Each structure stands twice: as C-alpha cells, then as structure tokens.
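# Breakdown of the fold
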Amino acid sequence: MKTVLLFRSSFCRSNLLEHEGVFRYAKAHDWHVQTVEYMEAAQNRYRIQEQTARPDVHSLINIWHPDGCVAECGIAPHVLSLGDFGKTPVVFLDRDPDTIEHGAVCVYSDSDAIASAAARELLQLNLDTFAFIGWPDPLRWSEGRGKAFESIIRKHGKEIHLFRMPKTENPESDLRQLGDFLQSLKKPCGLFTANDVIAKQVTIACAQLGLAIPDDIAIVSVDNDEDICERSFVTITSVQLDFLQAGIQAAEQLDLMMSGHSDKVASSLFGVDRIVRRKSALGFRHLDKR
C-alpha cells in the first residue's frame, strides 16, 4: 500500500471537492492518504496561529516516508516550494505554475474556459456594456480570466471596462473605490468578477449606491461558493469549476510519478463543471423581439 501525504490549505467548498477527488482516486488504487492541515485549514480547525501554520515538510516526510505528496495550494500558493519535498514526488493542486520553481507539476484552472462560460452567460442578456473586476494582486488566474473575457467581449464589438480591486487596509476605502467604478459604468452593464469574494463586495457596493441587480448591473462570478452566493444581498450566478476532477487529475499525475513515469507527466488544466444560475444575472428584458 502506497502512502501519500495530502497537504490541505483550506476547507472551503472548492477545496473540499478537490480533496474528495484525491480521496476517490486513492480508494480505487489502495493508497493510504495522510492529511496535513496548514494555513487557513490549520487555523480554522486547530486554532493554530498564522505564523506557525506553515508545515515543516522535511520533518513530515521523515516521519511518514511517503511515496508521494499532493499539495493543495488554493489559499496559500506561495507557501510551499518544490525544494521542500526533496526527492519525494509531489503534484501541486490548484496552483499557478508561475508561482513556483520551473519543473514543478501543477494542476490549475483553465482561464479561457472560465471566461468563455461567463461571457456566454452575460452576452445572452443582449447588453452593450461589460466589465471585469480582478483580484487585488495581479495573479495569473485572475489576470488570465480578465484578458480572456476582454478578448471575447471585444470580438462581439462590445464596450468593456477593466478594474482591479484595491489593495488597502481600509475596507471602507476599498468599497468607495469600487463604488466609483460601478457608478462610472454605462447601465445596464454585464459584470464578470474573478471570484465569488469580489462578487459579494460588488453586491454590497450596489446596495449602498442604490444600483439594481440585475437591471443595472448583471453579475456572473466564479467558484460557486454557496456560503457566499446564496447569502449575498442578491444571490449570485457563478461558474462552478470541476474541482472534483482537479483532485482526480492531481492523483493521476502523482501515480505516474510514483510509478517511475515522470517523463509522461506535465502540468494540466481543469475546466468548468457547470453554471449555477441565480438572481444576479437572470432576466431577459433587454432582449430584442426575437
């Protein structure tokens, strides 16, 4: 029986689905999976302070002598490095390859597929103005989604505006800057946000400004985090990624590496599972007579 260490950075819904993908593959292939919680997972589950939440990978490998590791990095992409694992095979799950050493095997989201799904959903509303709001840091997953969305909208001859969430210590200032951007848009506008966290901030800003969702601002987001999407001022339409398949892909890649077939392994993308439609992008009053 092979032993695999699964490093978990968070227990949010998307990450839990990724973990489940690894567990399913492990069960089918008779692996023992030992979990290691770090960062937000450790803080939330064991009340460990942030400064002690980074795992001592070298010591853990010496304790377990694993055949391989899966490092889920959804919350903390910059914490673990390829060098931490020494000669032990490792696959980084939900991690941008640009954030780690060359040669690392990563499974990460397909920005083009995500942006295409969101664009199709918003373009059906027959709007003339669109916008994208990205993550405060210029991370590849956010920037990629924004560039792909912009390209699709421009190909349809539509107006598009881009905005990156401010990175400050003052939430009130962030909302004020976001509100200024939302007010500047021609209405009605189709808005794509990099993830559900940003979409929720947009709903708050719209409520403060008196902007109607979806009549003034129609919103499509990413991740389908039900705790956010179902509990916002207006429920949020969101692109659900195939997180379960992502976990399975990571386990498949690791299996090849542990079997001595590293030459057949490369970083790979996971795509979209479905769109979960809610009130933020429903309504077709702007459609023409057809």
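Our structure's up above, just so we're on the same page.
Everything in this summary refers to the structure shown in the same document. (Residues numbered from 1 in each chain as written. Predicted model: local features only at pLDDT ≥ 70, side-chain atom pairs only at ≥ 80, totals over all residues. Heavy atoms only, no water.)

### Notes on the sheet that holds strand S8 (residues 189-193)
- A sheet is described by the order of its strands in space; here six strands give the open sequence S7-S6-S8-S9-S10-S12, paired in mixed fashion. At either margin of the open sheet sits one strand with a lone partner, and together these are strand S7 (159-164) and strand S12 (272-276). With direction set aside, neighbouring strand axes in the sheet form an average angle of 20 degrees.
- In the sheet, strand S9 (residues 217-222) pairs with strand S10 (residues 237-241) via three bridges, with the strands oriented parallel. Directly across from Val222, in S10, lies its bridge partner Val239.
- Contacting strand S6 (129-134), S8, S9, S10 and S12, helix H4 (residues 111-123) crosses the sheet at an angle of about 160 degrees to S8. (Pairing = 2+ DSSP bridges. Helix = DSSP H or I, 4+ residues; strand = E, 2+ residues; numbered from the N terminus. Axes fitted to C-alpha atoms, helices over the stretch in contact; angles between N-to-C directions. Contact = heavy atoms within 4.5 Å.)

### Quick word on the pairing of strand S4 (residues 90-93)
- Neither face of S4 is exposed, since Val90 and Phe92 on one face and Val91 and Leu93 on the opposite face are all buried.
- As judged from the four bridges shared by strand S3 (residues 68-72) and S4, these two strands associate in the parallel manner. Residue pairing in the sheet places Ala71 in a bridge with Phe92 of S4.
- Pairing geometry for S4 and strand S5 (residues 105-109), over three bridges, is parallel. Bridging across to S5, Leu93 finds its partner in Val107. (Buried < 20%, exposed > 50% of the residue type's maximum accessible area, 1.4 Å probe, protein only.)

### Quick word on the packing of helix H1 (residues 13-28) against helix H9 (residues 243-258)
- Put simply, H1 and H9 touch, their axes get as near as 6 Å, and they point 40 degrees apart. In terms of their interaxial angle, H1 and H9 are classed as oblique. Judged by the twist between their axes, the crossing of H1 over H9 is right-handed. Along the contact surface, H1 presents Ser14, Leu17, Glu18, Glu20, Gly21, Val22, Arg24 and Tyr25, while H9 presents Phe243, Leu244, Ala246, Gly247, Ile248, Ala251, Glu252 and Asp255.
- Taken together, the residues of the contact of H1 with H9 sort by class into eight nonpolar, three polar and five charged. (Parallel < 35°, antiparallel > 145°, perpendicular 65-115°, else oblique. Left-handed = near helix turned anticlockwise from the far one by under 90°. Nonpolar A, V, L, I, M, F, W, Y, C, P; charged D, E, K, R; others polar.)

### Some remarks on the packing of aromatic side chains
- All told, the structure shown has eight aromatic pairs when counted by the stated rule.
- On the basis of an interplanar angle of 85 degrees and a centroid distance of 5.8 Å, the ring pair of Phe85 and Phe92 is categorised as edge-to-face.
- Residue Phe85 is classed as buried on the basis of its relative accessible area of 2%.
- Given the relative accessible area of 0%, Phe92 is considered buried.
- Its end group placed over the ring of Phe92, Arg95 keeps NZ or CZ at 5.2 Å from the ring centre. (Phe/Tyr/Trp six-rings, centres within 6.5 Å; stacked < 30°, edge-to-face > 60°. Lys NZ or Arg CZ within 6 Å of the ring centre and 35° of its normal.)

### A short note on the pattern of salt bridges
- This model, assessed by the stated rule, comprises 14 salt bridges.
- When the shortest N-O distance is used, the salt bridge between Asp84 and Arg54 registers 2.9 Å. Residue Asp84 is found in the loop between S3 and S4, and its partner Arg54 is found in the loop between helix H2 (40-46) and helix H3 (57-64); the two are separated by 30 residues along the sequence.
- Its salt-bridge partner being Lys186, residue Glu159 comes within 3.5 Å of it at the nearest N-O pair. Highlighted residues: Glu159 in strand S7 and Lys186 in the loop between helix H6 (171-184) and S8, separated in sequence by 27 residues.
- Look at the salt bridges and you will find they share partners, linking Asp96, Asp98 and Arg140 into a network. (Salt bridge = Lys/Arg side-chain N within 4 Å of Asp/Glu carboxyl O.)

### Things to note about helix H5 (residues 140-155)
- With 16 residues, H5 ought to run about 22 Å at 1.5 Å a step, and its terminal C-alpha atoms sit 22 Å apart, in line with that.
- Among the residues making up H5, those that are buried are Ser142, Gly144, Arg145, Gly146, Ala148, Phe149, Glu150, Ile152 and Ile153.
- Among the residues trailing H5, Gly157 stands out with phi positive, at a value near 75 degrees. (Expected span 1.5 Å × (residues − 1).)

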